[in-house]
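Residues per chain are reported as follows:
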Amino acid sequence: MPIESIPVSPGRTGAAASGPTPRLSEAEFAERFREASRSLWCIAAAVIQDRSRAEDVVQDAAVVALGKLHEFDAATSFLAWMGQIVRFVALNQGRKMMRERAAHDAQRHDGMTRPMTFSDLTLDARVERALAQLDETARACLLLRTVMGLSHREIAAAVGVPEGTAMSHVFRARKAMRGMLGDIHRCASGEGAG
Amino acid sequence: MSSRMEGEPRSSGGPRAWDAAPPELRDEALLDAFLAGELRGPDLAEFEQRLEADAELRAEADAQRRVDRSLRRVFVPADVRLPETGLVVREDQAAVQTVRDPIPASSTPASIGRTRVAVAGPKKWWGYAAAAVIVLGGATVFTRFYTHEERLPPLEAHTVYKSLSAAGWKPEFACNHGGRPARVQRATARG
């Protein structure tokens, strides 16, 4: 998707400002980006489901954001604005990766004697696989909650959903994960090995 | 904004999530708040009592804690640095702006590559003049050396006249000149 076509709304909250809209300088952008980069990485990783590419996604999103910096209202949430851009960039790249992965898997499975079952996997691998079964918004909410320790309000802003929806995503994602993982007490030996 | 260590207390920053949660998710909300270190005072004491009394809830809390640890092991957020390309693009944009001012507000990094910078050619007409000289010169050389017509010495008019008269030609015009270029008059008018 061309950069111009990524719909990004500044998302001003609260009462309409009476004066000129405050803008970020590039130095201020860099500072806010540095503060938010780890949360943005979580969003990218949740959407694209490939940790190795999450950093590239966030960097690509930063390029887009710099081009649209004049559209951002500095009085609004930087994380919400950047999170929206990261999601769009990640979705675009994710679709491309899905096509590549499908072609790669079709080739790889030809040579495998036995596909690995869920019970063969270590806990971390099982958790990652179970996480992949959730929808992208639920994944992002759960990661921002467990990895970044954000509040539901912060998660809601970052993911662009109402606070109640963010909470619901977290609770349901936790429950669904435990349901998919089953009895994880029997796979203690695999922790950390992936 | 950094990832939280397990067990580190933090403020909830809003209304209690477990009160707002639908009944079927209330235990999930309490468990989530407990694991996030957001349960305090009587709420925390009450939940801990429930954990002691309810083995199933205790097992769920333990399982969830392990899942959370696993997620933190698997997903280690990177401190992403601003891309060099982004800054370069901005520098390019500034450079273009010095040539074409003002740059459209809608310009983005993607459109920068398509921006055509007008060449305000100083002394551009010299180029056209040089091209014209080269073309004319080439044409002259071509006609001078590559035309196959044999170039004969010029004949004077009276010579031609005499020759044609000797061959029986009766001209309507007569030449009254001896050797210099002809001055032709109507033969009938002269007579």
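Here the structure is a predicted model, which means the values were calculated and not measured.

**Considering the overall build of chain B**
For step 1, the next point in the chain: Along its length, chain B carries nine helices and two strands.
For step 2, the next point in the chain: Mapped from its N terminus to its C terminus, chain B presents α and β elements in the order α-α-α-α-α-α-α-α-β-β-α.
For step 3, the next point in the chain: A total of 191 residues make up chain B; the buried ones form 27% of that total.
For step 4, the next point in the chain: Nonlocal contacts in chain B, meaning residues at least 24 apart in sequence, comprise 29% of its contacts between residues at least 6 apart.

**Focus on the overall build of chain A**
For step 1, the next point in the chain: Helix and strand counts for chain A come out as seven helices and zero strands.
For step 2, the next point in the chain: The linear arrangement of helices and strands in chain A, starting from the amino end, is α-α-α-α-α-α-α.
For step 3, the next point in the chain: Within the span of chain A, comprising 194 residues, buried residues form 48% of the whole.
For step 4, the next point in the chain: Here the contacts in chain A between residues at least 6 apart in sequence split such that 75% fall between residues at least 24 apart.
For step 5, the next point in the chain: Only carbon and sulfur atoms are counted for the fraction: they give 52% of the accessible area of chain A, which is about 9,000 Å².

**So, helix α3 (residues 41-53) of chain B**
Residues and elements named next belong to chain B.
For step 1, the next point in the chain: Its 13 residues give α3 an end-to-end C-alpha distance of 19 Å, which sits within 8% of 18 Å, the value for a rise of 1.5 Å per residue.
For step 2, the next point in the chain: Along α3, the positions that sit buried rather than exposed are D43, F47 and L51. The arc enclosing the buried residues of α3, seen along the axis, measures out at 70°, which places them on a common side. Across from the buried face of α3, at angles greater than 90 degrees, the exposed residues are P42, Q49, E52 and A53.
For step 3, the next point in the chain: Residues of α3 that are buried in the fold lie against α1 (17-20), α2 (26-35) and α4 (55-74).

**Considerations on the pattern of salt bridges**
For step 1, the next point in the chain: Tallied over the entire structure, the rule returns 15 salt bridges over all chains.
For step 2, the next point in the chain: Where R145 of chain A meets E38 of chain B, a salt bridge forms, and the shortest distance between an N and an O atom there is 2.9 Å. Taken together, the positions of R145 of chain A in helix α5 (residues 136-146) and E38 of chain B in the loop between α2 and α3 put the pair across two chains. The same class applies to R145 of chain A as to E38 of chain B, namely buried.
For step 3, the next point in the chain: Salt bridges sharing partners connect three or more residues here, namely R145 and R174 of chain A together with D32, E38 and D68 of chain B.

**Brief notes about the confidence of the model for chain A**
All names here are of chain A.
For step 1, the next point in the chain: On average, residues of chain A carry a pLDDT of 81, and 76% of them reach 70 or more.
For step 2, the next point in the chain: Within chain A, helix α3 (residues 78-108) has the poorest average pLDDT of any element, 84, and α5 the best, 94.
For step 3, the next point in the chain: For residues 10-17, every residue scores under 50 in pLDDT, and the model assigns this stretch 11 contacts once sequence neighbours within four places are set aside.

**Quick look at the environment of A75 of chain A**
For step 1, the next point in the chain: By the secondary structure assignment, A75 of chain A is in the loop between α2 (51-67) and α3.
For step 2, the next point in the chain: The class for A75 of chain A is exposed, based on a relative accessible area of 55%.

**What about the packing of α5 of chain A against α4 of chain B?**
For step 1, the next point in the chain: Where α5 of chain A meets α4 of chain B, the axes come as close as 10 Å, and the angle between the chain directions of the two elements is 95°. In terms of orientation, α5 of chain A lies roughly perpendicular with respect to α4 of chain B. Here L142, L143 and T146 of chain A of α5 of chain A come into contact with α4 of chain B, specifically with D68, L71 and R72 of chain B.

**Re α2 of chain A**
For step 1, the next point in the chain: With 17 residues, α2 of chain A extends 25 Å from end C-alpha to end C-alpha; this agrees with the ideal 24 Å at 1.5 Å per step.
For step 2, the next point in the chain: Three or more residues of α2 of chain A are buried, namely A54, V57, V58, A61, A62, V63, V64, A65, L66 and G67 of chain A.

**Points about the nonpolar core**
For step 1, the next point in the chain: With 80 residues, the main nonpolar core has F29, F33, F78, W81, M82 and L144 of chain A together with F75 of chain B as its most contacted residues.
For step 2, the next point in the chain: For this core, the element with the most residues is helix α1 (residues 26-48) of chain A, which contributes 12 residues.
For step 3, the next point in the chain: Those residues in contact with M82 of chain A that lie beyond four places of it in its chain are F29, F33, L40, A61, A62 and A65 of chain A.

**Comments concerning the packing of α1 of chain A against α2 of chain A**
All names here are of chain A.
For step 1, the next point in the chain: Taken N-terminus to C-terminus, the directions of α1 and α2 make an angle of 140°; their axes are 8 Å apart at the nearest point. Classified by the angle their axes make, α1 and α2 are oblique. Pair α1 / α2 crosses with right-handed handedness. Each of E26, F29, F33, L40, W41, A44, A45 and I48 in α1 lies in contact with α2, whose residues at this interface are R51, R53, A54, E55, V57, V58, A62, A65 and L66.
For step 2, the next point in the chain: Looking at side-chain class alone, the contact of α1 with α2 contains 13 nonpolar, no polar and four charged residues.

**Here we look at unusual backbone geometry**
For step 1, the next point in the chain: Even without being glycine, Q49 of chain A reaches a positive phi, approximately 60°.
For step 2, the next point in the chain: Tracing the backbone through its elements, the reader meets Q49 of chain A in the loop between α1 and α2.

Parameters and conventions
- Residues numbered from 1 in each chain as written.
- Chains lettered and ligands numbered in written order.
- Predicted model: local features only at pLDDT ≥ 70, side-chain atom pairs only at ≥ 80, totals over all residues.
- Heavy atoms only, no water.
- Helix = DSSP H or I, 4+ residues; strand = E, 2+ residues; numbered from the N terminus.
- Buried < 20%, exposed > 50% of the residue type's maximum accessible area, 1.4 Å probe, protein only.
- Contact = heavy atoms within 4.5 Å.
- Areas by Shrake-Rupley, 256 points an atom, 1.4 Å probe, with all protein chains shown as cover.
- Expected span 1.5 Å × (residues − 1).
- Arc of directions from axis to C-beta.
- Salt bridge = Lys/Arg side-chain N within 4 Å of Asp/Glu carboxyl O.
- pLDDT = per-residue confidence, 0-100.
- Axes fitted to C-alpha atoms, helices over the stretch in contact; angles between N-to-C directions.
- Parallel < 35°, antiparallel > 145°, perpendicular 65-115°, else oblique.
- Core = buried A, V, L, I, M, F, W, Y, C linked by side-chain atoms within 4.5 Å.
- Left-handed = near helix turned anticlockwise from the far one by under 90°.
- Nonpolar A, V, L, I, M, F, W, Y, C, P; charged D, E, K, R; others polar.

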